[in-house]
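Here is what each chain is made of, one letter per residue.
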Amino acid sequence: MKMAWYMKPGNKVIVALSRLGLSFGDKGPVVLTVTGRKSGAARSTPVTPMTVDGKRYVAGVPGADWIANARAAGRATLQRGRRTEQVRIVELAEQEARPLLRQLPELVPGWVGFLRKGGLITDGTPDEFEALVGAMPIFRLDPRP
């Protein structure tokens, strides 16, 4: 998926503001930091979690670097404002991801416009989101002690 020109600079702004302690609210983005699979350096990106049945999940933009890093690391740090939390990051099988993809346009409406601009959907219906199974991974964020 071709990202809009403003995504990388916008992500950097969100990460920087978060590091300064700014929170974007309970339903806004958090900063997900994972270890780079090749460099070993910490890599941060904003993600917007959704909560379903008391569990938190994040969706990944098809082809995003953080996805491969998360798969390799299996753990991450989440930062919302000044709060940080260690989590296990578990990729869901397609069967588990389907119902969550269907709920994504309602729970994280920002995905609709983003994926429209990327040419992956046209209307933003649950059926269109479900059709992205296999291309758009869903990860569960489990608390780590």
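Our structure is the block above this text.
Residues numbered from 1 in each chain as written. Predicted model: local features only at pLDDT ≥ 70, side-chain atom pairs only at ≥ 80, totals over all residues. Heavy atoms only, no water.

**Q** Can you tell me about helix α3 (residues 94-107), naming the residues and giving the values?
**A** Along its 14 residues, α3 runs 19 Å from first to last C-alpha, staying within 8% of the 20 Å computed at 1.5 Å per residue. The principal kink in α3, of about 30 degrees, is found at Leu-101, preceding the proline Pro-105 by one to four residues. Looking at α3, one finds that the buried residues are Ala-97, Leu-100, Leu-101, Leu-104 and Pro-105. Taken together, the buried residues of α3 touch β3 (50-52), β4 (55-59), α4 (110-117), α5 (126-130) and β7 (138-143). (Helix = DSSP H or I, 4+ residues; strand = E, 2+ residues; numbered from the N terminus. Expected span 1.5 Å × (residues − 1). Bend = angle between axes of the 7 residues up to and from the residue. Buried < 20%, exposed > 50% of the residue type's maximum accessible area, 1.4 Å probe, protein only. Contact = heavy atoms within 4.5 Å.)

**Q** Break down the sheet that holds strand β1 (residues 30-35) for me, citing the residues and quoting the values.
**A** Taking strand neighbours across the sheet as the criterion, the seven strands line up as β2-β1-β5-β6-β7-β4-β3 in an open arrangement whose pairing is antiparallel. Each end of this open sheet is capped by a strand with a single partner; those strands are β2 (42-47) and β3. For this sheet, the mean angle separating the axes of adjacent strands, direction not counted, is 40 degrees. Relative to strand β5 (residues 75-80), β1 runs antiparallel, the two being bridged by three bridges. Across the sheet, Leu-32 pairs through a bridge with Leu-78, a residue of β5. In the packing of helix α2 (residues 65-73) onto the sheet, the strands contacted are β1, β2, β4, β5, β6 (83-91) and β7, and the crossing angle to β1 comes to about 60 degrees. Against the sheet, α3 touches β3, β4 and β7, its axis set at about 125 degrees to β3. (Pairing = 2+ DSSP bridges. Axes fitted to C-alpha atoms, helices over the stretch in contact; angles between N-to-C directions.)

**Q** Residues and numbers for the pattern of salt bridges, please.
**A** Here the structure, examined in full by the defined rule, presents seven salt bridges. Of the charged contacts, one joins Arg-102 and Asp-127 as a salt bridge, the two residues approaching to 2.6 Å between their closest N and O atoms. Of the two residues, Arg-102 sits in helix α3 while Asp-127 sits in helix α5, which places them 25 residues apart along the sequence. Looking at Arg-102, the relative accessible area reads 31%, which means it is partly exposed. Arg-140 is the partner of Asp-142 in a salt bridge, and the nearest nitrogen-oxygen pair spans 2.8 Å. Just as Asp-142 is buried, Arg-140 falls in that class too. Here the residues in one salt-bridge network are Arg-98, Arg-102, Asp-127 and Glu-130, joined through shared partners. (Salt bridge = Lys/Arg side-chain N within 4 Å of Asp/Glu carboxyl O.)

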